[in-house]
Amino acid sequence: MSQVNKKLLFKNTIILYLRMIFVLLVSLYTVRAILDLLGVEDYGIYNVVGSVVGMFTFLNGTLATSSQRFFSVALAKNDYRELNKLFCLNLTVFCLFVVILLVIAETVGLWFVNTQLTIPNERLYAANIIYQFSVIACAVSIIKVPYTALLIAHEKMGTFAYISIYEAVYKLAIVFVLSVITWDKLVIYGILMFVCSISVSALYFWYSKKHFQESSFHFFWDKGEFIKLFNFSGWHFFGTISNIVRGQCINILLNIFFNPAINAARAVAYQINGAVVNFTDSFNIAVKPQLYKAYSAGEFQDLYKLIILSTILSVFLSSILAIPLMINSDFILSLWLKNVPDYTVQFTILVLITGLIESTNTAAIVPALATGKIKKFEIVSSSLAIANLPISYIVLKLGAPPYTPMAIASVLAFVTTVWRAFLLRDLINLPYKKYLSIIIRLTIATIISVACSYIITKNHTTGFIMLILSSCSSVLATIFLYYFIVLGRDEKMVLICFIKRIIKN
């Protein structure tokens, strides 16, 4: 990468981390407050109904990734005319998908909510209201995709951060409204979240129209470009479906076998994991365009270095948060929430383990997407992820506890991570032995760090002192282990030079 790109990457990462810290603090408070105001059952209903709508958002992930890939490549070539054509084509296709979504949501989806979910009869009316508002919000969010992708492709992370902060403040205001109203809080919460989603989308529309000429829309159709987009999106669509199956479908499966309270416990666990994911995503969002552009420019040696360094940094950033949270999950949950739903601790630990394993995703997936040759990549990775659903169904049918699907997800995630090394070797000639060596060293370092924290807290009373002590020991152990176990000589030299450059600048 050029000096300019490194500075831009560092600047964007800092901006996104400042945004993340604020959003994280607000999110932790709002989740606690909303769970208390709605109650465990209503909070669970909101999340499981959201999961049904979430099954339709596979379009978001598929289209967002394909849009960003093609937009970034066009920007790397400074071809703004091509970029405008791609933008118009994407938006045209997305509008078509919205029509399809509405038809499915108002037929199959509506039937599923009213006949298959475990929802108390007296709350079914409220669940239907939430569902309708969620469907509309989902449709608008799909149309928002090319605008968001354009902003990220231009690496305007400051704007991305400001809009995220606005969204966090809005959700904070929702807590205040719910605390003073006397009407059905679940219904009001659903309506207010709908308004939040619409207003956030409107901000992306406005900013893109004002700052990016290529966002000027006119109907454009090119069969060849559509086939290229469809071929890329088609296989990535399979990959996104796998995430929906493992996420939203597992949530629905838990509702069918158990009750909304289990959905509430799972939702809390994923909120905690979301804090860790947001922490690493702030870096990943900044590094994505660099990965795309390094591939487009044919700078493969820089690309290999960036993949390895991104993998190390992503897992490191996840570890310094996830490990203390895992070790102290019981105390943290009791401190954070007034009423901790059953199984929340088990869910939290297993979800964090899966998140740690998957923190390698961006550095591995983006280069594969950049090639456009993702058929084998998506089939293998997605099949492993989708396998979580039938395996979970079988074990739950046999009487397994509700947290079992999360344990299965962790095992499948690790298998997928190892397999990706071989796939990247075929796609971009990645030195897979070195990449696998990094994965193994990261695993060893993480296990030792967890063991150190556990030994310190074992046989001691939980509390603030132990939380601080175990967190500090975990961070120090992680830094020490990464420097002496994970980083090779080349990575150490790059890291030292990078730190020196930051200090000088």
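Residues numbered from 1 in each chain as written. Predicted model: local features only at pLDDT ≥ 70, side-chain atom pairs only at ≥ 80, totals over all residues. Heavy atoms only, no water.

Novice: I'd love a proper account of the overall build of the protein chain, names of residues and values included.
Specialist: Along the backbone of the protein chain there are 19 helices and 0 strands. Split into buried and exposed, the 505 residues of the protein chain put 53% on the buried side. Put simply, the protein chain shows about 22,300 Å² of open surface, and 67% of that area lies on carbon and sulfur atoms. (Helix = DSSP H or I, 4+ residues; strand = E, 2+ residues; numbered from the N terminus. Buried < 20%, exposed > 50% of the residue type's maximum accessible area, 1.4 Å probe, protein only. Areas by Shrake-Rupley, 256 points an atom, 1.4 Å probe, with all protein chains shown as cover.)

Novice: Any details on the packing of helix α2 (residues 40–54) against helix α5 (residues 124–153)? Residues and values, ideally.
Specialist: Interaxial distance between α2 and α5 falls to 9 Å at its minimum, and their mutual angle equals 40°. One element, α2, and the other, α5, form an angle in the oblique class. Relative to α5, α2 is oriented so that their crossing is right-handed. Across the interface between the two elements, I45, Y46, V49, V52 and V53 of α2 pack against A127, I130, Y131, S134, V135 and C138 of α5. Its residues placed into classes, the contact of α2 with α5 shows 10 nonpolar, 1 polar and no charged. (Axes fitted to C-alpha atoms, helices over the stretch in contact; angles between N-to-C directions. Parallel < 35°, antiparallel > 145°, perpendicular 65-115°, else oblique. Left-handed = near helix turned anticlockwise from the far one by under 90°. Contact = heavy atoms within 4.5 Å. Nonpolar A, V, L, I, M, F, W, Y, C, P; charged D, E, K, R; others polar.)

Novice: With reference to specific residues and values, describe the pattern of salt bridges.
Specialist: One pass over the full model with this rule turns up 3 salt bridges. Between R123 and D42 there is a salt bridge; the shortest N-O distance is 3.1 Å. Here R123, found in the loop between α4 (80–115) and α5, pairs with D42, found in helix α2; they are 81 residues apart in sequence, far enough to count as distant. Its relative accessible area of 14% is what places R123 among the buried residues. The buried category is assigned to D42, whose relative accessible area is 12%. Among the ionic pairs, D184 bridges to R123, the shortest N-O distance being 3.0 Å. Of this pair, D184 sits in the loop between α6 (157–180) and α7 (185–211) while R123 sits in the loop between α4 and α5, placing them 61 residues apart in sequence. (Salt bridge = Lys/Arg side-chain N within 4 Å of Asp/Glu carboxyl O.)

Novice: Give me helix α12 (residues 344–358): which residues, what numbers.
Specialist: Relative to the 21 Å expected for 15 residues at 1.5 Å per residue, α12 spans 21 Å between its end C-alpha atoms, a close match to the ideal helical length. Within α12, burial applies to T344, F347, T348, L350, V351, L352, T354, G355, L356 and I357. (Expected span 1.5 Å × (residues − 1).)

Novice: Lay out the packing of aromatic side chains with the relevant residues and their values.
Specialist: For the coordinates displayed, the defined rule picks out 11 aromatic pairs. Seen in terms of ring centroids, F257 and Y393 are 5.6 Å apart; in terms of plane orientation they differ by 65°. Their pairing is edge-to-face. Pair noted here: F257 is in helix α8 (residues 223–257) and Y393 is in helix α15 (residues 388–397), with a separation of 136 residues, a long-range link. Among the residues examined, F257 registers a relative accessible area of 26% and is labelled partly exposed. When its relative accessible area of 41% is taken as the criterion, Y393 is described as partly exposed. Ring geometry for F480 against F484: centres 4.7 Å apart, planes inclined by 45°, an arrangement best described as tilted. Residue F480 and its partner F484 are located together in helix α18 (residues 464–486), separated by 4 residues, close to a single helical turn. The pair F480 / F484 is uniform in exposure class, with both members exposed. (Phe/Tyr/Trp six-rings, centres within 6.5 Å; stacked < 30°, edge-to-face > 60°.)

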